[in-house]
Amino acid sequence: MTTTTTGRTAARGAVGTAHTRVEGRDKVTGAARYAGEIPFAGLAHGWLVLSTVTRGRIRSIDADPVLGMPGVLGVLHHGNAPRVDTDFIGMLGIPPDPTAAVFQHERVPHAGWPVALVVAETPEQAREAAEALVVTYDVEPHDTALTAGHPGAYPADGHMPAETAKGDLAAGLDASAVVVDEEYTTPEEHHSMMEPHAATALWDGGRLEVVDSNQGTTWVQGELAKMFSLDESAVRVRSEHIGGGFGSKGLRAHQVAAVMAATVLHRPVRVVMTRRQMFSLAGYRSPTAQRVRLGADAGGRLRALEHRSLNQTSAFYEFVEPGAGVARVMYDADAHHTANHVVRLDVPSPTFMRAPGEAPGSFAIESALDELAERCGIDPVELRLRNEPEAGPVSGLPFSSRNLAACFHEGARRFGWADRDPRPGLRRDGRWLLGTGTAAASFGAGAGPSTALLTAEADGTFTVRIAAADIGTGARTALTLVAADALEVAPEQVRVRIGDSDFGPAMIAGGSMGTRSWAWAITAAAGELRERLALGAVVPPEGITVRSDTTEALGALAQKERHSYGAQFAEVAVDTATGEVRVRRMLGIFAAGRIVNPLTARNQLVGGMVWGISMALHEEAVRDRTGGLYGPDLAAYHVATHADVPDVEADWVDDPDPDDPVGIKGVGEIGIVGAAAAVANAVWHATGVRHRSLPIRPDRVLSAAVPASGGAAGA
């Protein structure tokens, strides 16, 4: 077996070779249509009206004047909207967010709550009427501030146990030669993908059809069917092209409102969220307040670890941002305690956002590890290597593979880490202080049951049908390559159709599980189809179709810790006179399974790292005392732009998953994990000041005291 200089297996067949996106030409020429662009005969347009108060009740909605405005077809609200059911568990094993069940009662639980939908012949008419609608409220007291010591905090499970504990934490800390006990905070962050949320609903022959922008047509189909008490076969959801999702595009208020309006008006209705509405209705990453306590012997080996994370959730729906989860798989100690707590506030519901839990959690734990390395006088890379666990720290399960050490060795070599002077505040380039930092990354490598339809066509080509979602990751192209290799044909002989719930159940695009799950189903279908063709089956004009289902195969997998890993390295320049922080270069080396398409995989990894830079230095949504956001738009919500990311490089080491038929793990989220911590650790190395609250804004740099020499201050 030959390998490249970075240890990657030489490509054989289609998988492992760089391919441009199969739909790329359609996207750049405009032939690919997104959910808000597809034409329908008789299409009406809905515009959501959001509450202007934080908490209270709707006293009245004066709809009559609005109904007389040009083009207005109707006004839906809690007094006349169809009733829906929310008493069920959805595809992800959690109840639906009640925000989606619009217009069911007069209560207002947060600012920006949907109180009405105005439907008109054109979007302009709907917007004008919506802005003219008068809603009167009875206002009630509210609580919107997340604080570390909030009395309403309580442990919450989410998609993992709320708390884990082994060993005597107090005794472990007391017996440690070096102790770190610090608090870290991350702000509210928003997805803000390019394509806004949009959905069109219509009834066709007694069947509900929804053309949507989502991360899983099966997911949305199932939730809508349950909500409207329909058989799933009576609901079809299509979502062919999606302009980004990042966890936000599940079931939201606009889809349900569109279905309601189409039901009442008996014609197609489209609802598109504005950018400002997305800040209230599309979910976000909750702010976190985290405490990390580490105790180690003189050699830097951990004896005690505690990671506690607190996030906010809405008053009516519990969502956990499990920041403490990453410590459960990354580092072990005889005394090991973790906890995820939440507090209910009068704010919108948070939701899944790229690397939920791992992104903010890695900032805290990887910053604390850096502080421990400093206090122990040990190189930060070496400290992490000394604390490599042999099995899952909490689960005790074996690792399917854990190539984190290989990532650090390769990354340190390529980054030039050996030449680093560990002392902070010494390197200069004119007015700039220079520093380098590192951090580890981990993200789960799971798979969800999926079905796939694979047809051998009479002309010698093959068609794959699977309810996958390409949210910009290049999944459609990756699946083409996987199918080609599984069928032992050229990629040009394969057509992949996705984004239609009629193709059968399939995993969502989320949790870095999409391509892995879908590829498994396609590989299984290809194996069966090849067997049939090998037996001499004659392909009729309608083709030969087989259907796979991976439920049984996934259920038979041995229990293991399955993760992608990475080592992040960053170099920053800091001007302490202006507070400006610039990332000069960044390198991420990842162990993320077999890489299907190096071109799009690198795009995903670099994109995650750029988001980590943005998280470290720019992104911060701020709420006022009413719970409303200051500047809920992309003018006030700052993100990293081209000038902020001059040199970002991602690569990988050989790391196929032995239990996956293709060897895939997943690359969608690992790139952001640890990235913010690497930048923050580099800022400390440049200045000697430790920043434990993100983002590292210029005013925070200016207000921090720079030590005269050697030591470190905190900010």
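Preceding this paragraph is the structure being described.
Here's what I pulled together on the structure shown here. This is a predicted model, so every value here is computed, not measured. All residue numbers refer to position in the chain's written sequence, counted from 1. In keeping with the model being predicted, local features are shown solely for residues with a pLDDT of at least 70 and side-chain atom pairs are shown and tallied solely at 80 or more, while totals for entire chains, interfaces and linings include all residues. Only hydrogens and water are set aside; all other atoms, that is, all heavy atoms of the structure, feed into the side-chain values.

## Overview of the pairing of strand E10 (residues 198–204)
Only protein chains enter the accessibility calculation, which uses a 1.4 Å probe; a residue whose area is less than 20% of its type maximum is buried, one above 50% is exposed, and one in between is partly exposed. Runs of H or I in DSSP of at least four residues are treated as helices and runs of E of at least two as strands, each being numbered from the N terminus. Counting buried positions along E10 yields five of seven residues, so the element is predominantly enclosed. In terms of strand pairing, E10 meets strand E11 (residues 207–212) through six bridges, oriented antiparallel. Paired with Leu-202 across the two strands is Glu-209, which belongs to E11. Two successive antiparallel strands, E10 and E11, enclose a turn made up of two residues, where Gly-205 displays a positive phi of approximately 60°. Paired strands are those between which DSSP finds at least two bridges.

## Structural notes on the sheet that holds strand E19 (residues 451–456)
Here four strands make up an open sheet; going across it, the order is E21-E20-E19-E22 and the pairing mixed. Edge strands, defined here as strands with exactly one partner in the open sheet, are strand E21 (494–497) and strand E22 (544–549). Ignoring which end each strand starts from, the neighbouring axes of this sheet average 20° apart. Pairing of E19 with E22, which is carried by six bridges, proceeds in the antiparallel orientation. Counterpart to Thr-455 in the pairing with E22 is Thr-545. Here helix H12 (residues 475–487) sits on the sheet in contact with E19, strand E20 (462–465) and E21, set at roughly 135° to E21. Helix-sheet contacts for helix H13 (residues 514–534) involve E19, E20 and E22, and the interaxial angle to E22 is about 140°. Each axis is a line fitted through C-alpha atoms, and for a helix only the stretch in contact is used; angles between axes span 0 to 180 degrees, taken between their N-to-C directions. Any two residues having at least one pair of non-hydrogen atoms within 4.5 Å are treated as being in contact.

## Let's talk about unusual backbone geometry
Of note, the amide linkage connecting Leu-694 to Pro-695 takes the cis form, showing an omega dihedral of -5°. Checked against the element boundaries, Pro-695 lands in the loop between strand E26 (689–690) and helix H17 (698–703). Even without being a glycine, Ser-229 presents a positive backbone phi close to 55°. Given a relative accessible area of 62%, Ser-229 falls into the exposed group. A positive phi angle, close to 60°, is found at Phe-246, a residue other than glycine. Turning to its location among the elements, Phe-246 is positioned in the loop between strand E12 (235–238) and helix H6 (253–265). On the basis of relative accessible area, Phe-246 is assigned to the partly exposed category, the value being 29%.

## Considerations on the packing of aromatic side chains
To pair, rings of Phe, Tyr and Trp, with the six-membered ring standing in for Trp, must have centres within 6.5 Å; the planes then decide the type, stacked if under 30 degrees apart, edge-to-face if over 60, and tilted in the middle. Applying the stated rule across the entire model yields nine aromatic pairs. A ring pair is formed by Phe-246 and Trp-611, whose centres lie 4.8 Å apart and whose planes are at 85°; its orientation type is edge-to-face. Taken as a pair, Phe-246 in the loop between E12 and H6 and Trp-611 in helix H15 (residues 598–617) lie far apart in primary sequence, 365 residues in all. With a centroid separation of 5.0 Å and an interplanar angle of 90°, the aromatic rings of Phe-319 and Phe-352 are classed as edge-to-face. In this pair, Phe-319 sits in the loop between strand E15 (302–314) and helix H8 (327–330) while Phe-352 sits in the loop between strand E16 (335–345) and helix H9 (358–376), placing the two residues 33 residues apart along the sequence. A residue is classified by how much of its surface remains accessible, and Phe-319, at 5% relative accessible area, is buried. Since its relative accessible area comes to 22%, Phe-352 is described here as partly exposed. Aromatic rings pair up to connect Phe-408, Phe-415, Trp-417 and Phe-569 into one cluster. The ring of Phe-399 carries Arg-402 above its face, with NZ or CZ at 4.9 Å from the centroid. In this scheme, the term charge over a ring applies when either NZ of a lysine or CZ of an arginine sits within 6 Å of the ring centre and within 35 degrees of the ring normal. One Lys or Arg, Arg-623, reaches over the ring of Tyr-284 and ends 5.4 Å from the middle of that ring.

## Here's the deal with the packing of H15 against helix H16 (residues 675–687)
Close contact between H15 and H16 brings their axes to 7 Å; oriented N to C, the two are set at 50°. The angle between the axes of H15 and H16 places the two elements in the oblique class. Note that H15 runs across H16; the crossing there is right-handed. Facing H15, whose interface residues are Met-609, Gly-612, Ile-613, Met-615, Ala-616 and Leu-617, H16 presents Ala-675, Ala-676 and Val-679. The nonpolar class holds Ala, Val, Leu, Ile, Met, Phe, Trp, Tyr, Cys and Pro. Asp, Glu, Lys and Arg form the charged class, and all remaining residues, Gly among them, are polar. Among the residues making up the contact of H15 with H16, the classes are represented as eight nonpolar, one polar and no charged. Between 65 and 115 degrees an angle is taken as roughly perpendicular, under 35 as roughly parallel, over 145 as roughly antiparallel, and anywhere else as oblique. Crossing handedness is read from the near helix: turned anticlockwise from the far helix by less than a right angle, it gives a left-handed crossing, and turned clockwise, a right-handed one.

## Concerning H6
Every helix has an expected span of 1.5 Å times one less than the residues it contains. When the terminal C-alpha atoms of H6 are compared, their 18 Å separation across 13 residues agrees well with the 18 Å that a helix rising 1.5 Å per residue should span. The element H6 is largely enclosed, with a buried count of 10 among its 13 residues. Immediately beyond the C-terminal end of H6, within one or two residues, lies His-266, with a positive phi of roughly 60°.

## A closer look at the sheet that holds strand E5 (residues 114–120)
Strand order in the open sheet formed by seven strands is E3-E5-E1-E13-E10-E11-E12, and the pairing between neighbours is mixed. Edge positions in the sheet fall to strand E3 (72–77) and E12, since each has one partner strand and no second. Taken pair by pair, the neighbouring strands of this sheet meet at an average axis angle of 20°, ignoring direction. Each of strand E1 (44–50), E3 and E5 touches helix H3 (residues 123–132); the most contacted strand, E1, lies at about 25° to it. Relative to the sheet, helix H5 (residues 217–227) contacts E11 and E12, its axis offset from that of E12 by approximately 145°.

## Considering the pattern of salt bridges
Every case where a carboxyl oxygen of Asp or Glu lies within 4 Å of a side-chain nitrogen of Lys or Arg is listed as a salt bridge. Under the criterion given, the structure shown has 55 salt bridges. Across the pair Arg-476 and Asp-470 runs a salt bridge whose closest N-O atoms are separated by 3.8 Å. Given a relative accessible area of 7%, Arg-476 falls into the buried group. Ionic pairing is found between Arg-516 and Asp-657, a salt bridge with its closest N-O pair at 2.9 Å. Here Arg-516, found in helix H13, pairs with Asp-657, found in the loop between strand E25 (648–652) and H16; they are 141 residues apart in sequence, far enough to count as distant. Neither residue differs from the other here; Arg-516 and Asp-657 are each classed as buried. Overlapping salt bridges bring together Arg-55, Arg-57, Glu-106, Arg-107, Glu-140 and Asp-346 as one network.

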